[in-house]
Amino acid sequence: GAAYADRLAPLLQNPHMRHAAIGALTTLGSHHDEVAALLVSPEWFVRRDALLGLAASGHGAAAHAKAVASLLSDPHRDVRLSAVGALAAAMPVTAGYAGPLRQLVNNEVEDLDIRRAGKVLLEAMECTTSN
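Residues numbered from 1 in each chain as written. Predicted model: local features only at pLDDT ≥ 70, side-chain atom pairs only at ≥ 80, totals over all residues. Heavy atoms only, no water.

Caption draft 1: The arrangement of the environment of Asn 14 in detail. Along the polypeptide, Asn 14 turns up in the loop between α1 (2-8) and α2 (18-27). A polar contact of 2.7 Å, which involves the side chain of Asn 14, links it to the backbone nitrogen of His 16. (Helix = DSSP H or I, 4+ residues; strand = E, 2+ residues; numbered from the N terminus. Polar contact = N/O pair within 3.5 Å; in protein donor to acceptor, adjacent residues only side chain to side chain.)

Caption draft 2: Summary view of helix α7 (residues 77-89). Spanning 13 residues, α7 covers 19 Å between terminal C-alpha atoms, matching the ideal 18 Å at 1.5 Å per step. Of all the positions in α7, only Val 79, Arg 80, Ser 82, Ala 83, Val 84, Ala 86 and Leu 87 are classed as buried. (Expected span 1.5 Å × (residues − 1). Buried < 20%, exposed > 50% of the residue type's maximum accessible area, 1.4 Å probe, protein only.)

Caption draft 3: Structural context of the side chain of His 32. With respect to the element layout, His 32 can be found in helix α3 (residues 32-36). You can call His 32 buried: its relative accessible area is 11%. Apart from residues lying up to four places away in sequence, His 32 is in contact with Thr 26, Leu 54, Ser 57, His 59, Gly 60 and His 64. (Contact = heavy atoms within 4.5 Å.)

Caption draft 4: Fine view of the nonpolar core. In this structure, Leu 12, Leu 39, Leu 51, Leu 72, Val 84, Leu 101 and Met 125 are the most contacted members of the largest nonpolar core, which totals 36 residues. Once you skip the residues sitting within four places of it in the chain, Leu 12 turns out to touch Arg 18, Ala 21, Ile 22, Leu 25, Glu 34, Val 35 and Leu 38. (Core = buried A, V, L, I, M, F, W, Y, C linked by side-chain atoms within 4.5 Å.)

Caption draft 5: Broad picture of the layout of surface pockets. The volume enclosed by the largest pocket comes to roughly 160 Å³. Taken together, Ala 69, Ser 70, Leu 72, Ser 73, Asp 74, Arg 80, Pro 100, Gln 103, Leu 104, Asn 107 and Glu 110 form the lining of the largest pocket. Broken down by secondary-structure element, the contributors of at least two residues to the lining of the largest pocket are α6 (65-70) and α8 (98-106). The element best represented in the lining of the largest pocket is α8, accounting for three residues. Split into classes, the residues belonging to the lining of the largest pocket amount to four nonpolar, four polar and three charged. (1 Å grid on protein atoms, 1.4 Å probe; cavity = no way out; pocket = protein on both sides within 12 Å on 5 of 7 lines; lining within 4 Å. Points joined across faces, edges and corners; volume = space filled by probe spheres on them. Nonpolar A, V, L, I, M, F, W, Y, C, P; charged D, E, K, R; others polar.)

Caption draft 6: Fine view of α8. Among the residues of α8, Ala 98, Leu 101, Leu 104 and Val 105 are the ones counted as buried. For α8, the arc enclosing every buried residue in end-on projection is 120 degrees, short of the 170-degree limit, so these residues lie on one face. Facing away from the buried surface of α8 by more than 90 degrees, the exposed residues are Gln 103 and Asn 106. (Arc of directions from axis to C-beta.)

Caption draft 7: Fine view of the pattern of salt bridges. With the rule as written, the count across this model stands at eight salt bridges. Between Asp 113 and Arg 77 there is a salt bridge; the shortest N-O distance is 3.3 Å. With a gap of 36 residues between them, Asp 113 in helix α9 (residues 112-130) and Arg 77 in helix α7 connect regions that are remote in the sequence. The exposure class of Asp 113 is partly exposed, given its relative accessible area of 42%. Judged by its relative accessible area of 26%, Arg 77 is partly exposed. A single salt-bridge network, built from bridges that share partners, covers Arg 77, Asp 78, Asp 111 and Asp 113. (Salt bridge = Lys/Arg side-chain N within 4 Å of Asp/Glu carboxyl O.)

Next comes the structure, spelled out in structure tokens:
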């Protein structure tokens, strides 16, 4: 696995292969830092794909929880929704990010699907911190 992952990592820089490389690397549980570096990409779909990959690995999202939570305020809807999913995948580590999530849920102009997903996660966070 590790040798294969090392050969895949350079594909993160290839716009035609990036999506597949994110999926393969996070499935292998490898190169989370390189995938997380894509969270600051100027292209919304790259940020979304990086979030989806980190969420699939769970511990990748947990290790980069602060960067993931910062994308709750991303201008693109799909990125915000993917950030909610990545925070959910990294529970209970991400329970400390209830504040930014609460802002998202209480934003009346936010997309309804995002608000609903955020509310479910917020309830789970509150249960986690109260136990």
